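Chain by chain, the residues run as shown.
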Amino acid sequence: MKNKIVAGVLGILLGNLGIHKFYLGNIGFGILYILFSWTVIPGIIGFVEGLIYLFQSEEEFDAKHNRNW
């Protein structure tokens, strides 16, 4: 079960490398972030995504990232 605080902190601190995407299971986006890590764009997007994860309710985060198949 993925934790929204861990995902948010990873997005804010290591968003440039897409570590939060790997944590959430989005391997393709994680690789894309690494490929463009030499630009500042993934860092900005990762920072914003980290804030979004932190300010989402637990229910919203679970519905999107902790689906029970």
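Structure: above.
Residues numbered from 1 in each chain as written. Predicted model: local features only at pLDDT ≥ 70, side-chain atom pairs only at ≥ 80, totals over all residues. Heavy atoms only, no water.

Our focus in this paragraph is the side chain of K21. Within the secondary structure, K21 sits in helix α2 (residues 19–23). A relative accessible area of 9% means that K21 is categorised as buried. A distance of 3.2 Å separates polar atoms of two side chains, one belonging to K21 and the other to E49. (Helix = DSSP H or I, 4+ residues; strand = E, 2+ residues; numbered from the N terminus. Buried < 20%, exposed > 50% of the residue type's maximum accessible area, 1.4 Å probe, protein only. Polar contact = N/O pair within 3.5 Å; in protein donor to acceptor, adjacent residues only side chain to side chain.)

Attention now moves to the packing of helix α1 (residues 4–14) against helix α4 (residues 41–55). For any two helices packed against each other, the geometry comes down to the angle between their axes and how far apart the axes lie. α4 packs onto α1 with a crossing angle of 160° between their chain directions and a minimal axis gap of 7 Å. Considered as vectors, α1 and α4 are oriented roughly antiparallel to each other. Between α1 and α4 the crossing geometry is left-handed. Within the contact between the two elements, α1 uses K4, I5, A7, G8, G11 and I12 and α4 uses G46, F47, G50, L51, Y53 and L54. (Axes fitted to C-alpha atoms, helices over the stretch in contact; angles between N-to-C directions. Parallel < 35°, antiparallel > 145°, perpendicular 65-115°, else oblique. Left-handed = near helix turned anticlockwise from the far one by under 90°. Contact = heavy atoms within 4.5 Å.)

Here we come to the packing of aromatic side chains. The geometry of an aromatic ring pair is captured by two quantities: the separation of the ring centres and the angle between the planes. One pass over the structure, following the stated rule, counts one aromatic pair. Taken together, a centroid distance of 6.0 Å and an interplanar angle of 80° make the contact between Y53 and F61 edge-to-face. F61 shares its class with Y53; the two are buried. We note K21 situated over the ring of F29; from NZ or CZ to the ring centre the distance is 5.4 Å. (Phe/Tyr/Trp six-rings, centres within 6.5 Å; stacked < 30°, edge-to-face > 60°. Lys NZ or Arg CZ within 6 Å of the ring centre and 35° of its normal.)

When the terminal C-alpha atoms of α4 are compared, their 21 Å separation across 15 residues agrees well with the 21 Å that a helix rising 1.5 Å per residue should span. Those residues of α4 that fall on the buried side of the exposure criterion are P42, G46, E49, G50 and Y53. For α4, the angular spread of buried residues about the axis comes to 105°, placing them on one side. The exposed residues of α4 that point more than 90 degrees off its buried face are I41 and F55. Buried-residue contacts for α4 involve α1, α2, α3 (27–35) and α5 (58–65). (Expected span 1.5 Å × (residues − 1). Arc of directions from axis to C-beta.)

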